[in-house]
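Structural overview for review
Listed here are the chains, written in short residue letters.
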Amino acid sequence: MCGIIGILSDQPAAPRLVEALKRLEYRGYDSAGIALLEGGKLERLRAPGKLANLDAKVRERTFKAGVGIGHTRWATHGQPNETNAHPHASGRVAIVHNGIIENFRELREAMEGRGRKFVTETDSETIAHLIDENLSNGLKPKDAFKATLDQLRGAFAIAAIIEGEDDLILGGRRGSPLVIGIGDGKEMFLGSDALAV
C-alpha cells in the first residue's frame, strides 16, 4: 500500500511532506519522493529505499515552495528504483498515485502513437501524460484532471500539481482512500491516510 500526501500552504512544504511520509511508513514502501512548485517550476526529488535517503536529499537544499506532493511507493509495475519512484511528471504536471490503472497499456500505446515519450515502467506515468495532454489541448486544469479521471479504469487515489498553478492541488479517487484536511489560514492537505494530514 502506497502513501500520498499533498500540502498547500504559505510555509515551506518540503520538510513537512517528508515528515508526513514518515507517518505512512507502516504501510510499507520501496521508494519515496516529493514534487514542489518552487518559484512556479516543478522540482522533484526521489530516492529508492528508506525515507532517510529522500530526507537526506531534501536537507541538502533549501526550498521555499508551499505547494507540494509526496509519495511512498510499493512497486506494482516496474522495478523499485529512482526512475520508477513517484512523483511522476510530464510537461507541466506532476502526480502521485495509489492503486492500479487497469487500462494503462492501451492509454500509453495511444499516447506513444501521438508522439509522447515515456521514461518509466509504471502505470502511474500514464496519468501525468494524460493530464498534460489535456492541458495542451486547451482544457483548464480542473477540466483536464476530470477528463483524465474519466479515461481511467481501476481503483486509485491521485494528487496532482501543475506548473503555473501555485494555489492548486488536484485530488481524485475511485475505490482508494483520499482524505482532505483543512488547516489554519490558507492551508489545505490531501492524504491517503488521516495520519498523514
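Above this text sits the structure in question.
Residues numbered from 1 in each chain as written. Predicted model: local features only at pLDDT ≥ 70, side-chain atom pairs only at ≥ 80, totals over all residues. Heavy atoms only, no water.

The next subject is unusual backbone geometry. For the bond from His-86 to Pro-87, the omega torsion is -5 degrees, close enough to zero to count as cis. Note that Pro-87 resides in the loop between strand E4 (67-73) and strand E5 (88-90). (Helix = DSSP H or I, 4+ residues; strand = E, 2+ residues; numbered from the N terminus.)

Looking at the element boundaries, Asn-53 is found in helix H2 (residues 51-59). Put simply, Asn-53 and Phe-63 are 10 residues apart on the chain and 17 Å apart in space, counted from C-alpha to C-alpha. If near-sequence neighbours (up to four positions away) are discounted, Asn-53 is found in contact with Ala-47 and Pro-48. (Contact = heavy atoms within 4.5 Å.)

Formed by 22 residues in total, the largest nonpolar core has its most connected members in Ile-5, Leu-17, Leu-21, Ile-34, Leu-36, Leu-54 and Val-58. Put simply, the parts of the chain that give this core at least two residues each are strand E1 (3-8), helix H1 (14-22), strand E2 (31-38), strand E3 (41-48) and H2. Ranked by the residues each element gives to this core, the list is headed by H1, at five residues. In this structure, Met-111, Phe-118, Phe-145 and Ala-160 belong to the second largest nonpolar core, which totals 21 residues. (Core = buried A, V, L, I, M, F, W, Y, C linked by side-chain atoms within 4.5 Å. Buried < 20%, exposed > 50% of the residue type's maximum accessible area, 1.4 Å probe, protein only.)

In terms of burial, E4 is largely enclosed, as seven of its seven residues are buried. The alternating pattern of E4 places Val-67, Ile-69, His-71 and Arg-73 and Gly-68, Gly-70 and Thr-72 on opposite faces, both of which are buried. By the bridge criterion, six bridges tie E1 to E4 in an arrangement that is antiparallel. In the strand pairing of E4, Gly-6 is matched with Ile-69. Pairing geometry for E2 and E4, over six bridges, is antiparallel. Looking across to E4, one finds that Leu-36 is bridged to Gly-68. (Pairing = 2+ DSSP bridges.)

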